[in-house]
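What follows is each chain in one-letter form.
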Amino acid sequence: MNFNRRDFVKSTSIITGGLLTTPFLSEASFFNSNSDDTIKIAVIGCGGRGTGAVVQALSTKQNVKLVAMADAFKDRLNQCYENITSDDQAHLKAKINVPEDHKFTGFDAYLKAIPLADVVILTTPPGFRPMHFEAAVNAGKHIFMEKPVATDPAGIQRVLAAAEKAKAKKLNVVVGLQRHYQNSYRELMKRLQDGMVGDIVSASAWWNNDGVWTNPRKPGQTEMDYQMRNWYYFNWLCGDHITEQHIHNIDVINWAKNGYPVRARGTGGREVRKGKDTGEIFDHHLVEFEYADGTILNSQCRHMKGTWAKVDELVVGTKGKIQFDAAKITDHKGNSLYAFDKKNKENQPYQTEHDELFEAIAKGEYKFADAENGAKSTMTSILGRMATYSGQVIEWDKAINSGIDIMPKTLAWDADMPLKPDANGNYPVAIPGKTKYFS
């Protein structure tokens, strides 16, 4: 099927989570002030994902130029700059103009970089996303921000409030839940909406693999510095792997359901993730998410070496089922109803999300409002974490309105951190049955 961009815009907003059904003229500062067609970008967060996002933004067809960079760490910013200006990226050099006085470091670096750009790329650890997104919206910038978009309910509310401002200002916002920009997922979702599998009766989602990196503690390193260098293992920065990674799969089911769960119950813990270098996060989560109509999503994510791996989603309907990674739809006897040609028709969604964003910006169109879905799918993952950490049934409304805020009150290298290791170097870890969020 030749499912082109025009057809896609005509379809419902649930196709991308935040794609608007009709393009409007944007009120972003780029269209009000620029005398030429150069789209200036700033990257906030210069780690691996930030580096990749910059390359993707500069690889679009538009006249895009990187003019500012910001990161808490100077060495990380310098490494990013070296990577994007290396001989391997020689084709991008003409699109990079970041003098030394446009390279900003520290916790307030984002405030200095944002005013210099038309589009802001937000790729720091997700705990910082709410404040960075809010600042970019207040400054009238278009935004690409990575998932997840927060790590606690207070952060979610902050993103939702800024999302409403972004809509009022007609600022394009794309969130890096890239399956919304992947050809196979778009085609499968279109057929689901057309009724090919009937009514959804259950769903499953998996992110099971080995886990990620660690960075050893260095002599003289402050607690803030150590946690920032090992951001994946601390909830205020990462949200646990159910939020940082498994959000992708959970979001696909929310997309299929065109809604979000009303409660969650589950179990989880640390079977192999033990020791001084693994912070506070769990190594497995098994969550039963319940939607308003009673549909259950069985969700599992695991970080354990030597175990079976699976990253996928499954939707079961009254007429058939969708296997997303395999990109096929079958009836309940296994007969094929539809198969997407991944070999010849699949795209690179990480690139496509930038291609479509910058195309809209260059045309002066307002098409993308991903922030609300990004926030609510992030909240779904947080709901699951709260359920596994506590061992209790956690209700959506109570959780999202709880005001729970796990961010440090002071952002400074010598800050007195709320989470600290004990005398043996181990961090406190949630204990189901003892950890409580509500009385």
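Everything numeric here is computed off the predicted structure, so don't read it as measured data.

Details of the sheet that holds strand E15 (residues 336-339)
Inference 1: Across the sheet, 9 strands lie side by side as E15-E14-E13-E12-E8-E11-E10-E9-E17; this open sheet has mixed pairing. A strand with exactly one partner marks an edge of an open sheet, and here the two such strands are E15 and strand E17 (394-395).
Inference 2: Two elements, strand E8 (residues 200-209) and strand E11 (residues 296-303), share 8 bridges in a ladder whose sense is parallel. Paired with Trp207 across the bridge in E11 is Cys301.
Inference 3: Running at roughly 165° to E8, helix H11 (residues 247-257) makes contact with E8, strand E10 (284-290), E11 and strand E12 (310-317) of the sheet.

Quick notes on the UniProt feature "domain: Gfo/Idh/MocA-like oxidoreductase N-terminal" (unreviewed entry) in the protein
Inference 1: As recorded in UniProt, the sites labelled "domain: Gfo/Idh/MocA-like oxidoreductase N-terminal" (unreviewed entry) are residues 39-168.
Inference 2: Summarising residues 39-168: 41% helix, 19% strand, and an end-to-end C-alpha distance of 22 Å.

As for the confidence of the model for the protein
Inference 1: Averaged over all residues, the pLDDT of the protein is 94; the fraction at 70 or higher stands at 92%.
Inference 2: Below pLDDT 50 for its whole length, residues 1-16 participates in 40 contacts with residues either more than four positions away or in separate chains.

Side note on unusual backbone geometry
Inference 1: Here Lys147 and Pro148 are connected by a cis peptide whose omega angle stands at -20°.
Inference 2: Considering the arrangement of structural elements, one finds Pro148 in the loop between strand E6 (142-145) and helix H7 (153-169).
Inference 3: One non-glycine residue, Lys170, lies in the positive phi region at around 60°.
Inference 4: Mapping Lys170 onto the fold places it in the loop between H7 and strand E7 (173-175).
Inference 5: Look at Lys170 and you get partly exposed, because its relative accessible area is 23%.
Inference 6: With a phi angle near 80°, Asp240 is a residue other than glycine that sits in the positive phi range.
Inference 7: Turning to its location among the elements, Asp240 is positioned in the loop between helix H9 (223-229) and helix H10 (241-244).
Inference 8: Using a relative accessible area of 0% as the deciding quantity, one classes Asp240 as buried.

Remarks on the UniProt feature "domain: GFO/IDH/MocA-like oxidoreductase" (unreviewed entry) in the protein
Inference 1: Those residues carrying the UniProt feature "domain: GFO/IDH/MocA-like oxidoreductase" (unreviewed entry) are residues 185-322 in this numbering.
Inference 2: Taken end to end, residues 185-322 is 22% helix and 30% strand, and its two terminal C-alpha atoms sit 10 Å from one another.

Overview of the side chain of Glu146
Inference 1: Position of Glu146 among the secondary structure elements: in the loop between E6 and H7.
Inference 2: The class for Glu146 is buried, based on a relative accessible area of 4%.
Inference 3: In contact with Glu146, not counting residues within four places along its chain, are Arg49, Leu122, Thr123, Arg129 and Gly176.

Quick look at the layout of surface pockets
Inference 1: If you add up the space inside the largest pocket, you get close to 780 Å³.
Inference 2: Lining the largest pocket are 44 residues, and of these Arg49, Glu146, Lys147, Trp231 and Glu244 lie nearest its centre.
Inference 3: Of all elements in the fold, only helix H3 (48-58), strand E3 (64-71), helix H5 (109-113), helix H6 (129-138), helix H8 (183-193) and E12 reach the threshold of two or more residues within the lining of the largest pocket.
Inference 4: Here the element with the most residues in the lining of the largest pocket is H3; it accounts for 3 residues.

A closer look at the side chain of Gln62
Inference 1: In this fold, Gln62 is placed in the loop between H3 and E3.
Inference 2: Each residue touching Gln62, except ones within four places of it in the same chain, is listed here: Ile39, Lys95, Asp355, Phe358, Glu359 and Ala362.

Reading the values: the criteria
Residues numbered from 1 in each chain as written. Predicted model: local features only at pLDDT ≥ 70, side-chain atom pairs only at ≥ 80, totals over all residues. Heavy atoms only, no water. Pairing = 2+ DSSP bridges. Helix = DSSP H or I, 4+ residues; strand = E, 2+ residues; numbered from the N terminus. Contact = heavy atoms within 4.5 Å. Axes fitted to C-alpha atoms, helices over the stretch in contact; angles between N-to-C directions. UniProt positions renumbered as here; feature names shortened; annotations may be inferred. pLDDT = per-residue confidence, 0-100. Buried < 20%, exposed > 50% of the residue type's maximum accessible area, 1.4 Å probe, protein only. 1 Å grid on protein atoms, 1.4 Å probe; cavity = no way out; pocket = protein on both sides within 12 Å on 5 of 7 lines; lining within 4 Å. Points joined across faces, edges and corners; volume = space filled by probe spheres on them.

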